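Structure at a glance
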Amino acid sequence: MFEECKIYINPSIWKQYGEIEDSINSNRQNVTIRKIVRLNLDDYCTALRNGIEMNSEGEENEVDAIIVLGAGVKEDGSPCQMLEDRLKTAIAVYNKLDKKCKILLSGDHGQDNYNEVKTMKKYILDNLSISESDIFMDHAGFSTYDTMYRAKDIFEVNKAIVITNGYHLPRALYLAQKKNIEALGVASDLREYSGIDYYKFRERFSQIKAFLMSNITKSKPKFLGEKIPISSSDGRITEDGK
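Residues numbered from 1 in each chain as written. Predicted model: local features only at pLDDT ≥ 70, side-chain atom pairs only at ≥ 80, totals over all residues. Heavy atoms only, no water.

**Some remarks on the overall build of the protein chain**
- Helix and strand counts for the protein chain stand at seven helices and seven strands.
- Helices and strands in the protein chain line up, N terminus first, as β-α-β-α-β-α-β-α-β-α-β-α-β-α.
- Going through the 242 residues of the protein chain one by one, you find that 50% of them count as buried.
- If you take every contact in the protein chain between residues at least 6 apart in sequence, the share linking residues at least 24 apart comes to 77%. (Helix = DSSP H or I, 4+ residues; strand = E, 2+ residues; numbered from the N terminus. Buried < 20%, exposed > 50% of the residue type's maximum accessible area, 1.4 Å probe, protein only. Contact = heavy atoms within 4.5 Å.)

**A closer look at the nonpolar core**
- In terms of nonpolar packing, the biggest core is built from 30 residues, with Ile66, Val68, Leu87, Ile103, Leu105, Ile124 and Ile161 touching the most fellow members.
- At the level of secondary structure, the elements contributing two or more residues to this core comprise strand S3 (65–69), helix H3 (81–96), strand S4 (102–106), helix H4 (116–127), strand S5 (135–138) and strand S6 (159–164).
- Here the element with the most residues in this core is H3; it accounts for seven residues.
- If near-sequence neighbours (up to four positions away) are discounted, isoleucine 66 is found in contact with Ala90, Val93, Tyr94, Leu97, Cys101, Lys102, Ile103, Leu104, Ile161 and Ile163.
- With 27 residues, the next largest nonpolar core counts Ile67, Tyr149, Ala160 and Ala176 among its residues. (Core = buried A, V, L, I, M, F, W, Y, C linked by side-chain atoms within 4.5 Å.)

**Topic: helix H6 (residues 169–178)**
- The buried fraction of H6 amounts to nine of the 10 residues, a majority that puts the element mostly inside the structure.
- Within H6 the residues assigned to the buried category are Leu169, Pro170, Arg171, Ala172, Leu173, Tyr174, Leu175, Ala176 and Gln177.

**Thoughts on a nonpolar patch on the surface**
- A cluster of nonpolar side chains, contributed by Tyr198, Phe201, Phe205, Ile208, Phe211, Leu212 and Ile216, occupies part of the molecular surface with about 720 Å² of accessible area.
- Here isoleucine 208 lies in helix H7 (residues 196–217). (Patch = residues over 30% accessible without salt bridge, like charges linked within 9 Å, V, L, I, M, F, W, Y side chains within 5 Å. Areas by Shrake-Rupley, 256 points an atom, 1.4 Å probe, with all protein chains shown as cover. Salt bridge = Lys/Arg side-chain N within 4 Å of Asp/Glu carboxyl O.)

**Some words on unusual backbone geometry**
- The backbone of glutamate 156 sits at a positive phi, close to 55 degrees, despite the residue not being glycine.
- Looking at the secondary structure, you find glutamate 156 in the loop between helix H5 (144–153) and S6.
- We note that lysine 218 has phi near 50 degrees; this positive angle belongs to a residue other than glycine.
- With respect to the helices and strands, lysine 218 occurs in the segment after H7.
- Residue class for lysine 218 comes out exposed when judged on its relative accessible area of 58%.

**Points about the pattern of salt bridges**
- This structure, assessed with the given rule, holds 10 salt bridges.
- Here lysine 88 makes a salt bridge to glutamate 84, at a shortest N to O gap of 3.7 Å. Of this pair, lysine 88 and glutamate 84 both sit in helix H3, four residues apart, roughly one helical turn.
- On the basis of relative accessibility, which here comes to 34%, the residue lysine 88 falls in the partly exposed class.
- On the basis of relative accessible area, glutamate 84 is assigned to the partly exposed category, the value being 22%.
- Across the pair arginine 150 and aspartate 138 runs a salt bridge, and its minimum N-O distance is 2.7 Å. Here arginine 150, found in helix H5, pairs with aspartate 138, found in strand S5; they are 12 residues apart in sequence, far enough to count as distant. For the pair formed by arginine 150 and aspartate 138, the shared burial category is buried.
- A single network of salt bridges, built from pairs that share partners, joins Glu84, Asp85, Lys88 and Arg191.

As structure tokens, this is what we get:
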């Protein structure tokens, strides 16, 4: 059973996600969403900040990282539309949080000639005033399961904001919670995407796989490695130079 989560969704193309809301309400996907807030990007980032920076006693409660999930990279090395919008959203959230956290970029770098995280880092550096020491690269984020597993076990993330597309967020947050990461999600949908119906269809099977891997097989990711605590490390050590 997917656990409760909170998602902040940019309504600019909300019509694409009406069916997600319908599925949630009828529980057809076994996903329970505690709260969906429909706000513009600026307002929901502000709401997100207010929701995560104060605990029940009113004390400061900062997040460790913004986790940006990878997506496709074009042949020229530029991000696809989905990835570009995830990065744009991450930048907006980072600025709204007054730059008080690190950014963890997780994607596929399984081949020398394909490097999602390099593209992601370049985009962040080109569009945001941030120290490279605050950007961490997870080169082995081959799946959402691997990303969350490594975020906890390698980077020791305990509290995070997860950035990805709306159809993908319930699974991403479920996997984060299964690794005991206190996570909130921000949907990165800033336009209509080619092939979105296929992605939504495929997501149903990915959710089943996520449940099985988290609760039955309890698989380890393809790669683990030495710990790199995100709170006390320099993100530049995660740059492999390729």
